[in-house]
Amino acid sequence: MLRISLVSVLVTLTLASVTPVAMAMPGFGDAMKGVVPGAEKSADAEADGATQLSAADAQDTIVTEFNEILRDVRFAQGAMLIALGKKDEGNAAQADAKAMSGACDNKCTKEAIARSAELDGIIESAMTDADAMKDVSKEEAGKAMLPWLKAGVRTALYIPKLGAWGKSATTEIKDAGLMGAAKMKKKFSQGLFIATNAPGAAQKWFTTIKLARDVFKKNDISYEGANDADF
């Protein structure tokens, strides 16, 4: 369990300024040093574990964790939408989150990422409507921010591990030679798909969370329970 203060979490969200390509690089974990106390150690340990295992052995973990993060994000988006007065969209998003279990191929993952982007758009549109924000329950909005922060931190810790896996997979593909490379790429298709698409999705999530932070601050909305939260 990692204890993270609200201030540290918010600073973490400045990682949204990092480009998707940079986020996927193995050295991305270095950018976290000094941002979240202890987080860089956790990220480095996870990345080391992904490097020590063969890419084939680690792929299932990489894929499963990303799908879990997608589920967490969808639940968080639902909570935020409900707090912003968009109950139908919010309830649907949380129902989708509960249903997200079991195997998910590249098509399924692509659709889930696309849907999360749509929900981000709805959330951002609602938060930038100054008149509508005046009618938002500050208490409910504050509570909805916590699952978003948790999803953001989990994503930030996941990306360095994904980068380490991508490096390992690339090495194994090269080592397979000209004849075996195609077979290896097919074997790693799910992991490589996520390594390509996860950083961009993460950047969108961070951007939305950062906007929520700014809008909430402007509207004097506090994040209930976010201080010294155990993530």
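Bringing the packing of helix α8 (residues 138-175) against helix α10 (residues 189-218) into the picture now. For the pair α8 and α10, interaxial distance at closest approach is 9 Å and the crossing angle is 155 degrees. Of the possible angle classes, the one that applies to α8 and α10 is roughly antiparallel. In this structure, α8 crosses over α10, and the sense of that crossing is left-handed. By residue class, the composition of the contact of α8 with α10 is 22 nonpolar, 5 polar and 1 charged.

On the secondary structure map, glycine 200 appears in helix α10. Residues glycine 200 and isoleucine 113 lie 87 residues apart in sequence; the distance between their C-alpha atoms is 9.6 Å.

To continue, consider the side chain of arginine 74. On the secondary structure map, arginine 74 appears in helix α4 (residues 55-83). Looking at arginine 74, the relative accessible area reads 5%, which means it is buried. Among the polar contacts made by the side chain of arginine 74, one reaches the side chain of aspartate 96 at a distance of 3.4 Å.

Glancing now at unusual backbone geometry. Positioned with a positive phi, aspartate 220 is a non-glycine residue whose angle comes to about 55 degrees. Considering the arrangement of structural elements, one finds aspartate 220 in the loop between α10 and β2 (229-230).

Turning our eyes to something else, we now look at the packing of aromatic side chains. Where two aromatic rings form a pair, the distance of their centres and the angle of their planes describe that pair. Scanning the entire structure with this criterion turns up 3 aromatic pairs. Ring geometry for phenylalanine 66 against tryptophan 205: centres 6.3 Å apart, planes inclined by 20 degrees, an arrangement best described as stacked. Of this pair, phenylalanine 66 sits in helix α4 while tryptophan 205 is found in helix α10, placing the two residues 139 residues apart along the sequence. Assessed through its relative accessible area of 2%, tryptophan 205 is described here as buried. Through a chain of ring-to-ring contacts, three or more aromatic side chains come together here, namely Phe66, Tyr158 and Trp205.

This paragraph deals with the packing of α4 against helix α6 (residues 106-127). Where α4 meets α6, the closest approach of the two axes is 10 Å, and the angle between their N-to-C directions is 25 degrees. Judged by the angle between their axes, α4 and α6 are roughly parallel. Our pair here, α4 against α6, has a crossing hand that is left-handed. Within the contact between the two elements, α4 uses Phe66, Asn67, Leu70, Arg74, Gln77, Met80 and Leu81 and α6 uses Thr109, Ala112, Ile113, Arg115, Ser116, Leu119, Asp120, Ile122 and Ile123. Its residues assigned to classes, the contact of α4 with α6 comprises 9 nonpolar, 4 polar and 3 charged.

So, about the nonpolar core. By size, the foremost hydrophobic cluster in this structure holds 53 residues, and its most contacted members are Met80, Met145, Trp148, Trp205 and Phe216. What methionine 145 contacts, discounting residues up to four positions off in sequence, is Met80, Ile209, Ala212, Arg213, Phe216 and Tyr223.

Further remarks concern the confidence of the model for the protein chain. With 73% of its residues at a pLDDT of 70 or more, the protein chain shows a mean pLDDT of 78. Within the protein chain, helix α2 (residues 20-24) has the poorest average pLDDT of any element, 41, and α6 the best, 93. pLDDT under 50 marks residues 13-43. Its contacts with residues more than four places away, or in other chains, come to 60 contacts. Low confidence marks residues 227-231, where pLDDT is under 50. Its contacts with residues over four positions away, or in another chain, come to 21 contacts.

Applying the stated criterion across every chain yields a total of 1 disulfide. Disulfide pairing places cysteine 104 opposite cysteine 108 at an S-S distance of 1.9 Å. Here the disulfide of cysteine 104 and cysteine 108 is left-handed, its torsion about the S-S bond being about -100 degrees. On the accessibility criterion, cysteine 104 (10% relative accessible area) is buried. For cysteine 108, a relative accessible area of 30% gives the class partly exposed.

The next point concerns α6. Taking 1.5 Å as the rise per residue, α6 with 22 residues should run 32 Å; its terminal C-alpha atoms sit 31 Å apart, in good agreement. Taken residue by residue, α6 has Thr109, Ala112, Ile113, Ser116, Leu119, Asp120, Ile123, Ala126 and Met127 as its buried positions. One face of α6 carries all of its buried residues, which in axial projection span an arc of 140 degrees. With respect to the buried face of α6, the exposed residues turned more than 90 degrees away are Lys107 and Lys110. The backbone nitrogen of lysine 107 lies 3.2 Å from a side-chain oxygen of the residue at the head of α6, namely aspartate 105.

Definitions and cut-offs
Residue numbering note: each chain is counted from 1, following its sequence as written. Where local features are concerned, this predicted model is filtered to residues with pLDDT of at least 70; where side-chain atom pairs are given and counted, the filter is 80 or more; whole-chain, interface and lining totals use all residues. The side-chain quantities take in all heavy atoms of the structure and omit both hydrogens and water. Think of each axis as a best-fit line through the C-alpha atoms, taken over the contacting stretch in the case of a helix, with angles from 0 to 180 degrees between the N-to-C directions. Strands here are runs of E lasting at least two residues and helices are runs of H or I lasting at least four, both read from the DSSP assignment and numbered beginning at the N terminus. When describing relative orientation, an angle under 35 degrees is termed roughly parallel and one over 145 degrees roughly antiparallel, while 65 to 115 degrees is termed roughly perpendicular and anything else oblique. Crossings are classed by handedness, with left-handed meaning an anticlockwise turn of the near helix from the far one by less than a right angle and right-handed meaning a clockwise turn. Gly is placed with the polar residues, together with every amino acid not listed as nonpolar (Ala, Val, Leu, Ile, Met, Phe, Trp, Tyr, Cys and Pro) or charged (Asp, Glu, Lys and Arg). Note on exposure labels: buried denotes an accessible area under 20% of the residue type's maximum, exposed denotes more than 50%, and partly exposed covers the range between, all computed with a 1.4 Å probe on protein chains only. We define a polar contact as two N or O atoms separated by no more than 3.5 Å, with the added condition that, inside protein, one atom must be a possible hydrogen donor and the other a possible acceptor, whereas residues neighbouring each other in sequence contribute only through side-chain atom pairs. Two rings belonging to Phe, Tyr or Trp (six-membered ring only in the last case) form a pair when the distance between their centres is within 6.5 Å. Interplanar angles under 30 degrees mark stacking, angles over 60 mark edge-to-face geometry, and anything in between is tilted. Should any heavy atoms of two residues lie within 4.5 Å, those residues are considered in contact. By nonpolar core is meant a set of buried Ala, Val, Leu, Ile, Met, Phe, Trp, Tyr and Cys residues that side-chain atoms within 4.5 Å join together. What pLDDT expresses is the predictor's confidence in each residue, scored from 0 to 100. Disulfides are defined as pairs of cysteine sulfur atoms found within 2.5 Å of each other. Under the convention used throughout, the expected extent of a helix is 1.5 Å for every residue step, that is, one less than its residue count. When we speak of the arc, we mean the arc of directions from the helix axis to the C-beta atoms.

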